[in-house]
Structures are given as structure tokens and as C-alpha cells.
Amino acid sequence: MASRHPRPARTLIVLAVVIAGLYGMMAAFQIWTPKLGLDLRGGTTITLTASNTTGQGSVDENSLEQARNIIEQRVNGLGVGEGEVTTAGGNQIIVSVPNVQQDELVRLVGRTAVLSFRKVYDVQPAQAEQPSGLPTAPPAPPQLGEPVPVEQRMDWQPTPEIQSEFAGFTCGQDFPEEEAQPLIACDQSGTQKLLLGPALINGDQLSDASAGVPQNRFEWVVNLEFDNEGATRFEEVTGQLATQADPQNRFAIVIDGVSISAPSVDTAIPGGQAEISGGFTQQTATELANVLRYGALPLAFEVSSVDNVSATLGGEQLEAGIIAGIIGMVLVVAFCVAAYRGLGIVVVSSLVVAAALTWAALALLGEAVGMALNLPGIAGAIVAIGMTADSFVIYFERIRDELRSGRSLRSAVEVGWHDSKRTILIADAVQLLSAVVLFALAVGSVRGFAFTLGLTTLIDIVVVFWFTKPLMTLLARTRFFSSGARWSGLEPEHTGARPVRRRPLTPAKALAQSIASSPRARQGIAGPRTARQAGEA
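**Looking at the environment of glutamine 181**
Residue position: glutamine 181 is located in the loop between α5 (160-167) and β6 (183-187). Given a relative accessible area of 14%, glutamine 181 falls into the buried group. For the pair glutamine 181 and alanine 199, spaced 18 residues apart in the sequence, the C-alpha separation amounts to 7.4 Å.

**Here's the deal with helix α1 (residues 8-28)**
The end-to-end C-alpha distance of α1, which contains 21 residues, comes to 30 Å, matching closely the 30 Å that a straight helix rising 1.5 Å per residue would cover. For α1, the full list of buried residues reads Pro8, Thr11, Leu12, Leu15, Ile19 and Met26. Down the axis, α1 shows its buried residues gathered within 100° of arc, on one side only. Those residues of α1 that are exposed and aimed more than 90 degrees away from the buried face are Arg10, Ile13, Val17 and Ala28. Looking at the buried residues of α1, the elements they touch are α9 (344-369) and α12 (446-475). The positive-phi residue at the C-terminal boundary of α1 is glutamine 30, with phi of around 55°.

**Some words on the nonpolar core**
Grouped together as the largest cluster of nonpolar side chains are 45 residues, with contacts concentrated most on Phe396, Ile399, Leu409 and Met472. Contact partners of phenylalanine 396, with chain neighbours within four places excluded, come to Tyr340, Leu343, Val346, Val347 and Met472. Within the second largest apolar cluster, 25 residues are counted, among which are Leu206, Leu224, Phe226 and Leu288.

**With respect to a nonpolar patch on the surface**
Together, Ile322, Ile326 and Val330 line one region of the surface with nonpolar side chains, adding up to about 270 Å² of accessible area. You can see isoleucine 322 is positioned in helix α8 (residues 312-340). We classify isoleucine 322 as partly exposed; its relative accessible area is 44%.

**Regarding unusual backbone geometry**
Between aspartate 246 and the following residue, proline 247, the backbone shows a cis peptide bond with an omega angle of 5°. For proline 247, the location among the structural elements is in the loop between α6 (228-241) and β10 (251-255). Although it is not a glycine, glutamine 30 sits at a positive phi angle of roughly 55°. By the element assignment, glutamine 30 lies in the loop between α1 and β1 (35-36). Since its relative accessible area comes to 59%, glutamine 30 is described here as exposed. If you check the backbone angles, asparagine 216 has positive phi at about 60° while not being a glycine.

Cut-offs and rules
Residues numbered from 1 in each chain as written. Predicted model: local features only at pLDDT ≥ 70, side-chain atom pairs only at ≥ 80, totals over all residues. Heavy atoms only, no water. Helix = DSSP H or I, 4+ residues; strand = E, 2+ residues; numbered from the N terminus. Buried < 20%, exposed > 50% of the residue type's maximum accessible area, 1.4 Å probe, protein only. Expected span 1.5 Å × (residues − 1). Arc of directions from axis to C-beta. Contact = heavy atoms within 4.5 Å. Core = buried A, V, L, I, M, F, W, Y, C linked by side-chain atoms within 4.5 Å. Patch = residues over 30% accessible without salt bridge, like charges linked within 9 Å, V, L, I, M, F, W, Y side chains within 5 Å. Areas by Shrake-Rupley, 256 points an atom, 1.4 Å probe, with all protein chains shown as cover. Salt bridge = Lys/Arg side-chain N within 4 Å of Asp/Glu carboxyl O.

Read these as spatial facts, not as claims about activity.
Now the structure itself:
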């Protein structure tokens, strides 16, 4: 017995509620369009030229690839869609990212992320540089003394020469940072300068970093977690700092020569966890956590060029792609109307629902995970139109087959669906598998094609199962379609269902059938019985 679709109207209502919910989310977050990729919207391209930290010798190929991976992880850690990080010329890294401001990208990819924890020896108000109309010679490099061994760094004390350098230091002056030597650094605002000892803990002992908002607080912080060696060292250092007076009971968290935070320590901190605070926003905390998590760059980089990519050419191609999509949609609808006539309403409405779901999914995914729509992605969406049309053709042809076998329309809709849904699922599964494999193996913008193709394939399954089939079940209950009315697409001469042919009656049989069906004959047969009944009464 053919299975019946349970409550098709309820299924359509649930799907309508889901679509309304998606567009309600778009309205709540003011998201009406998908994010566009670099080739459509434009973006920023940065060229970084690498050199060894010593400034001598050629750049090692493995170090350049390691730096490329770190920069790529930093970019992806921000949720930026379709970022491309490539090497060129043996000593350059090219970063192309859409939807990111130029200054933000330069700050992200150019940071070396040298992290160190240092003891604070002195804190003074920063001295601003005094501008002068006459050119002045650059200040002489500070005298830092010899490198300090690790075991002696907690007991290190500044010499009078270093204290003199600290007294005359002005924020904005370049001070070289070396792990084994003291450091003069300024805070982020440039209002304070700090005299710091050699690094007590460095970034190599950091195992993880994350951004978050602690409970009962209303500021973003960066949470640090050390490895076993770092955790032991951190507890030892904080225990010794806790026994000293201010400001020598403070330790500075220094990143790239800038003091991010310099908290005081009252007791030893076990567990290997620390927290960096300092007026972070969500964006700056996330950036810093990503930089620390993925490590310092193994090479020194100089920003050679920063270019804003124009989307003029991509805009023209986008216009051509939209025109091609519209033409493809019109051709698909025209074919279905010509082949299936009244059933074209199913095709049009299903394509509209698929388009609405695709648009909402692309817009929300762009906001949630930074997925950016590029030209190959548009091509994937256009290819999906043909796949959706294939699903209609498979289902409609199975309905025709059942009608030709003599079934009613209601029965043909259910039996045809039972037979065609397996074919539809297999075809969609093959296409989805192709999209997954292509996404895993491809790089760059080709992944946009694979992602959009996979997404629209899933949407095709949703539309066919939860819209097209319930809608056909409801239409089969209407008089226009169930009776095979003209232009319904289900009339016998259009579907190929032939009426049962009967042999012509002989004259004698035709006369007998006419006499038997006449009113007088029916009265004569019933008359005696009626009279007998009357007499008995």
C-alpha cells in the first residue's frame, strides 16, 4: 500500500516558520546581504618582505613557510572568510583579505608577538619628545650591559648607567628588546615608562591563549596558560615578587617591546594560568589571543606595500553572473512550464523557497563565521539550479509513470514519491560528496565554489522533501489537478495515459442494452412487485 504524506499542510507551515525565523534573525542583527569576497567587494593586499632576525644571510625556505602558516592562522582566527596567504620570490609573503580595514590587517600580520614577563624596577611618568625646528642626530643606543644568565635574572639590579639611560628615556624612542637583557618600555597609552629586568618567562613557555570576559566583570581580558615548565617557573617568580615592596613586587607583561599590563603580586600564583587586562575590546583581545596562540614569527618582516584591491572588475563579473543566473532560472522555469504546464507552479514556488533559504544561509554564515561569497561561489549556486530542476523532473516523471499504469493522481503522487526520493537522495549525496572532497583539497577561491555547491545541495534536499512533496500532495486533492483538467499538466493526452478501449457493440446488443436501460423497462420489471405490495397493504 502506498505511503501517505502525514499532514502536508503542517509540514509547509513548519517550513514557513523556519524561513520566517531566519529572516527574523537577519532583521534583528541588521544583516540583509551576504559578505562579498575579495574579487567582488574589494579588500586589502599586503606584501611582507622577510629577513633574518640578524639581518644577514638568505631567508630559510622552511622558516618562510612557517611564518606563512602563522600569519594564515592569525587571519583565520579572526573569522575572516576567503583570506589568501601565499609566498613569492623566496622572501615575500602576500596577504589578501576581504572585509578587513587596512590598518587592522597591517597590525595583525606584521606583529612579531614577542612575549615576555619581566620584573618592574622603576616606574616614572613618560617624557614626551620636544619637537625642534632644527634637525637632531638620533640618540645613541642605550648601554644594556652583558646578557644575564637565567638563574641570575631574579637577582639582577640596574646599574647607574642603566638608571641614567632610564631617566633620559622618552616614549617613542626605539629601545632594542633582548630576552637576556633589561628593557625600558612604555605602556600602551604612552603615559608611563618602566625600567624592566631581563625576561623571567618568555612566550615559548606559553601553551594557550584565549579572549573572554570573566564572571562579575565587564571587561575583555586575555587568558594565558603555561606549559609544565612555564607553570613551575611562573609560581616561583610570583612567589619571590610577592615578598618585595612596590614597584618591585610588580611584573610587566611585555609584547613586542610594549608593556601591556604591570600588575602587582601579593602571593604566589600556582596552576600555570595568568590574565592580561588593560582596556581591551573584544576585537583587540581576540587579535592578541590569536597572535599569542599561534606564536611569534620566525623571521623579521618589513611591510613593502599595502594595496586596496578594487572590486570594479569583480563587480562587472558579478553583474554578468547574476544575468547568467537569471537566464538559467528563466530557462528552467520555461522548460518546466512547457513540459508540465500547471505543475510549473510547483517548480516556481520551490525555486523561490530554495532561493530564500540560500540567501538567508549565506547572509547569516557570513556574519557568524566570516564566510564570503565570491565569483566561484556564485557559479556553485547557478550549478545548483540545474540540480534542483533534476529533482523536479525525476519526481514528475515518476508521477506520470504511475498515471500511465492506471493509478489515480493521489496514489500516483505517493507511489511516485516513494520511488523517486531514493534517486533524488543518491544524486544529491554524490554531489554533496564531490563538494566536500573539493573543499578539503582545494585552496583559495575554489573552496568558495565547493562550499556554496554543498550548501545549496543540502537546501535542495530540504526543499524537495519539506516543500515540493507536501505541495504536490495538497494539489492532488484539488479538483483542477485530480480531474486532469486542461492545462493542469496531468490531462491524459499530455501524460500519455490512454483511456480503456472497448469493442463496438453489435446492433442486437446495442438494442438490448437500450431497452434494458429505458424507463419503461425499469417500470415493467418493478411494477408487479409494487402492485403486490399494494395489495398486501
